[in-house]
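Notes for the structure review
The lines below spell out each chain.
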Amino acid sequence: MSGFMKKLSSVGSSAKQSVVTAKAKAGLAAGVAYNSKSFRTAYGLPDTEPLLDSFTVTLLSGEVTVSGQIYLTPHLICLYTVASGKEVKVKIDLREVDNIYYAYCANSKMLAPAIVQDIPVGAKPNVLRVLCHDQTLHTLLDIAPSEFDCINAIMHVTWDITRGHAVSTFPVPPAGTESHEAFKLHPSEPLLAVTKASVISGNDTVKVSVALFVHYVAFKVGDTPVLIEYRRITNIARCASSPHPDPTIKAPVLTPVETGDESSIKGIQLYTDDGFMHQILLSNSNIQLFYNQLVYVHSLQLGVAPVFW
C-alpha cells in the first residue's frame, strides 16, 4: 500500500487554501518549501526535532507521481507536497519503521513506474523505500545522484539510533563518494552532508566544501586535507562576525555568541583537544542547518544529549 497520500492536511477556507497552496507550489518549484526556522513550526515539532537536512524528491502515490520534499530530523522522516489543491504533510516516526532499502527506477516520469530491487549493471540506486509496521510503504523517486548517498546515510543512521539497533543497517556501497576519495575513507563510513563554506586560514578566507561523516568533519585547504574526529572536539561555538581591525587582513574576526540576535551568527568555531581552533564561515541560509548536523553527530560520538540551535 502506498503511503503518503493517505493523510491530507486541511488548510481551512478556500481563500486561505489558495494562498497557502500558491506559496507551497512556489516553494516546491524553488526546491525549498520550509527552512530550518520555519520547518518545526509547520510540523508542530519540539526543539529536540531540528531539521537535519531536506531534499527535493518525487513521491509515489499508487501509480501517480508528484513532486515533493523530504525533511529529516533525529527521529522523524517528514514528507511534503501539494496535491488536489491541498498541502500534504506526513510525519513518519522512525520507531514505526520496519525497513529502509534502496531500489532503482528507469521510468519515473511514466504512469506506474517500474521499480526493481536489483540495480542494473552500470546504474546507481535512485529510489528509497520506507516500510512501516502497518505495511504502509513510502516510496521516494528521482533522488539526485549527488544527494542519494547523504539521504540514504542520514535515514539509516537516525533509524539505527532511534530503534537502538545493535548493528548498523547502513548498506555499504561498492564504491565511495568523491568525499571518501578526497579523505581516503572507506565507503563504510557514512557521508551525511556536504556544505559549501569558507574557513579562516591565517589572514585570509578559503572556500571549501565541508563534509560531515559519522566519525569525522573534513575539508581541504588547498591540497591539504583536514580531518577532525568528533571525539576530539571539545567545544562547538556559534559566532558573530566582524571586520578585522587591521584593514590589510581580509579574514573577519569571529566572536562566540551565547544568546542574542541569531541573525548576527555567521560562523562556527571548533575547538579540539590538541589546542587547535578551526573557524568556519557559512551563509545565513546554511548555518543553522550545518550547526544542527554538526551537533547531532558530535553528540552521537560522545554519547551525550545534543543541544540544538
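Everything here concerns the structure above.
Now for a quick tour of the structure. (Residues numbered from 1 in each chain as written. Predicted model: local features only at pLDDT ≥ 70, side-chain atom pairs only at ≥ 80, totals over all residues. Heavy atoms only, no water.)

Here we take up the layout of surface pockets. Put simply, the largest pocket is a space of about 1000 Å³. Considering the residues around the largest pocket, the lining is formed by 36 residues, among which Ser146, Cys150, Ala193, Val194 and Thr195 are closest to the centre. Of all the elements in the fold, those that place two or more residues in the lining of the largest pocket are strand S1 (53-61), helix H3 (145-163), helix H4 (178-182), strand S9 (191-201), strand S10 (204-213), strand S11 (216-221) and helix H5 (284-302). For the lining of the largest pocket, the residue count by class is 15 nonpolar, 14 polar and seven charged. Here the second largest pocket is characterised by a volume of approximately 310 Å³. Looking at the second largest pocket, it is lined by 21 residues, and the ones nearest its centre are Pro125, Asp149, Pro173, Pro174 and Ala175. The greatest single-element share of the lining of the second largest pocket, amounting to four residues, is contributed by H3. By residue class, the composition of the lining of the second largest pocket is 14 nonpolar, four polar and three charged. (1 Å grid on protein atoms, 1.4 Å probe; cavity = no way out; pocket = protein on both sides within 12 Å on 5 of 7 lines; lining within 4 Å. Points joined across faces, edges and corners; volume = space filled by probe spheres on them. Helix = DSSP H or I, 4+ residues; strand = E, 2+ residues; numbered from the N terminus. Nonpolar A, V, L, I, M, F, W, Y, C, P; charged D, E, K, R; others polar.)

A separate point is H5. Along its 19 residues, H5 runs 28 Å from first to last C-alpha, staying within 8% of the 27 Å computed at 1.5 Å per residue. Downstream of H5 by a residue or two, Gly303 has a phi angle that is positive, lying close to 70°. (Expected span 1.5 Å × (residues − 1).)

Below, the discussion takes up the side chain of Gln293. Take Gln293: it is sitting in helix H5. According to the relative accessible area criterion, Gln293 is buried, its value standing at 7%. Only 2.6 Å separates the side chain of Gln293 from the backbone oxygen of Leu52, close enough to count as a polar contact. The contacts of Gln293, once residues within four sequence positions are left out, are Leu52, Asp53, Ala193, Thr195 and Leu212. (Buried < 20%, exposed > 50% of the residue type's maximum accessible area, 1.4 Å probe, protein only. Polar contact = N/O pair within 3.5 Å; in protein donor to acceptor, adjacent residues only side chain to side chain. Contact = heavy atoms within 4.5 Å.)

Further remarks concern the sheet that holds strand S7 (residues 127-132). Taken in spatial order, the eight strands make up an open sheet running S4-S3-S2-S1-S8-S7-S5-S6, and their pairing is antiparallel. If you trace the sheet from one side to the other, it starts and ends with strand S4 (86-93) and strand S6 (115-116), each paired once. Relative to S7, strand S5 (residues 97-105) runs antiparallel, the two sharing six bridges. Across the sheet, Ile100 pairs through a bridge with Val130, a residue of S7. Contacting S1, strand S2 (64-72), strand S3 (76-83), S5 and S7, H3 crosses the sheet at an angle of about 165° to S5. (Pairing = 2+ DSSP bridges. Axes fitted to C-alpha atoms, helices over the stretch in contact; angles between N-to-C directions.)

Within S9, eight of the 11 residues are buried, which leaves the element mostly enclosed by the surrounding structure. As paired elements, S9 and S10 share 10 bridges and run antiparallel to each other. Along S10, the bridge assignment pairs Ser198 with Lys207. In terms of strand pairing, S9 meets strand S16 (residues 277-281) through two bridges, oriented antiparallel. Each residue of the ladder has a partner; that of Ser198, found in S16, is Leu281.

Right, let's talk about empty space enclosed by the protein for a bit. On inspection of all chains with the given rule, the structure shows one cavity of 30 Å³ or more. Considering the residues around the largest cavity, the lining is formed by Leu52, Ile154, Val157, Thr158, Leu192, Ala193, Gln293, Tyr296 and Val297. Where the lining of the largest cavity is concerned, the elements lending two or more residues are H3, S9 and H5. Considered class by class, the residues forming the lining of the largest cavity number seven nonpolar, two polar and no charged.

The next thing to look at is unusual backbone geometry. A positive phi angle is found at Gln135, which is not glycine, with a value near 70°. Looking at where Gln135 falls in the secondary structure, it is placed in the loop between S7 and strand S8 (137-141). One non-glycine residue, Lys184, adopts positive backbone phi at about 55°. With respect to the secondary-structure elements, Lys184 resides in the loop between H4 and S9.

In this section: the side chain of Gln288. Its place among the elements puts Gln288 in helix H5. Assessed through its relative accessible area of 9%, Gln288 is described here as buried. Polar side-chain contacts of Gln288 include one of 3.5 Å to the backbone oxygen of Trp309. Ignoring sequence-local partners within four residues, the contact set of Gln288 consists of Ser36, Lys37 and Trp309.

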